[in-house]
Amino acid sequence: YSSKDLHGAEYIDSYVFNQIEQIRFNSTVGKYVGYTELGLKNAETWNKGSELAQELGELERYCKPNAAIDYGAVLDKTGEQG
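Predicted, not measured: the structure shown is a model, and the values here were computed from it.

Moving on, we get to the overall build of the protein chain. Summing up its helical and strand segments, the protein chain has two helices and three strands in all. Starting at the N terminus and ending at the C terminus, the protein chain contains elements arranged as β-β-β-α-α. For the protein chain, the residues scored as buried account for 23% of the 82 residues in total. By sequence separation, contacts in the protein chain at least 24 residues apart represent 28% of the contacts at least 6 residues apart. Put simply, the protein chain shows about 6,000 Å² of open surface, and 52% of that area lies on carbon and sulfur atoms.

Next up, the structure:
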């Protein structure tokens, strides 16, 4: 994200095996994308199941509340002496 209102926040969940990204969920895209043969199969299955609904909620449930805390704890204090 690039502003205090978290408007541009993005959640990315990547699955990597042997240093090769197999599959990725990106909240901006709104679905899983596979990058290997197995990743493509899993993406197709996960996009039809309950996994997708869970991932879609992570940005609001986890990312934005924690980013707001971090922003307030660190970025708002930049330049303060103490």
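There is more to say after this.
Here we take up the nonpolar core. In terms of nonpolar packing, the biggest core is built from nine residues, these being Ala9, Tyr11, Ile23, Phe25, Tyr32, Ala43, Leu52, Leu59 and Cys63. Elements with a minimum of two residues in this core: strand S2 (20-26) and helix H2 (50-73). If you tally residues by element for this core, the top one is H2, at three residues.

Our next topic: the side chain of aspartate 13. When you line up the elements, aspartate 13 lands in strand S1 (residues 12-17). Comment: no salt bridge for buried aspartate 13; closest opposite-charge side chain is arginine 24, at 9.2 Å. In terms of polar contacts, aspartate 13 uses its side chain to reach the side chain of tyrosine 15, at 3.1 Å.

The next thing to look at is the pairing of S1. In this structure, S1 lies alongside S2, joined through six bridges in antiparallel fashion. Bridge pairing links aspartate 13 to phenylalanine 25 in S2. Counting the residues that bridge the hairpin from S1 to S2 gives two residues, and of these asparagine 18 lies at a positive phi of roughly 55 degrees.

The next subject is the packing of aromatic side chains. The tally for this structure, following the rule as stated, stands at four aromatic pairs. Ring geometry for tyrosine 15 against tryptophan 46: centres 5.3 Å apart, planes inclined by 65 degrees, an arrangement best described as edge-to-face. Here tyrosine 15 is found in strand S1, whereas its partner tryptophan 46 is found in helix H1 (residues 37-48), with 31 residues between them in sequence. A residue is classified by how much of its surface remains accessible, and tyrosine 15, at 32% relative accessible area, is partly exposed. Consider the rings of tyrosine 32 and tryptophan 46, whose centres lie 5.1 Å apart with planes at 70 degrees: the pair is edge-to-face. Here the residue tyrosine 32 occupies a position in strand S3 (residues 31-34), and tryptophan 46 occupies one in helix H1, the gap between them amounting to 14 residues.

Each value, and the rule that gives it
- Residues numbered from 1 in each chain as written.
- Predicted model: local features only at pLDDT ≥ 70, side-chain atom pairs only at ≥ 80, totals over all residues.
- Heavy atoms only, no water.
- Helix = DSSP H or I, 4+ residues; strand = E, 2+ residues; numbered from the N terminus.
- Buried < 20%, exposed > 50% of the residue type's maximum accessible area, 1.4 Å probe, protein only.
- Contact = heavy atoms within 4.5 Å.
- Areas by Shrake-Rupley, 256 points an atom, 1.4 Å probe, with all protein chains shown as cover.
- Core = buried A, V, L, I, M, F, W, Y, C linked by side-chain atoms within 4.5 Å.
- Lys, Arg positive; Asp, Glu negative; His and termini not counted.
- Salt bridge = Lys/Arg side-chain N within 4 Å of Asp/Glu carboxyl O.
- Polar contact = N/O pair within 3.5 Å; in protein donor to acceptor, adjacent residues only side chain to side chain.
- Pairing = 2+ DSSP bridges.
- Phe/Tyr/Trp six-rings, centres within 6.5 Å; stacked < 30°, edge-to-face > 60°.

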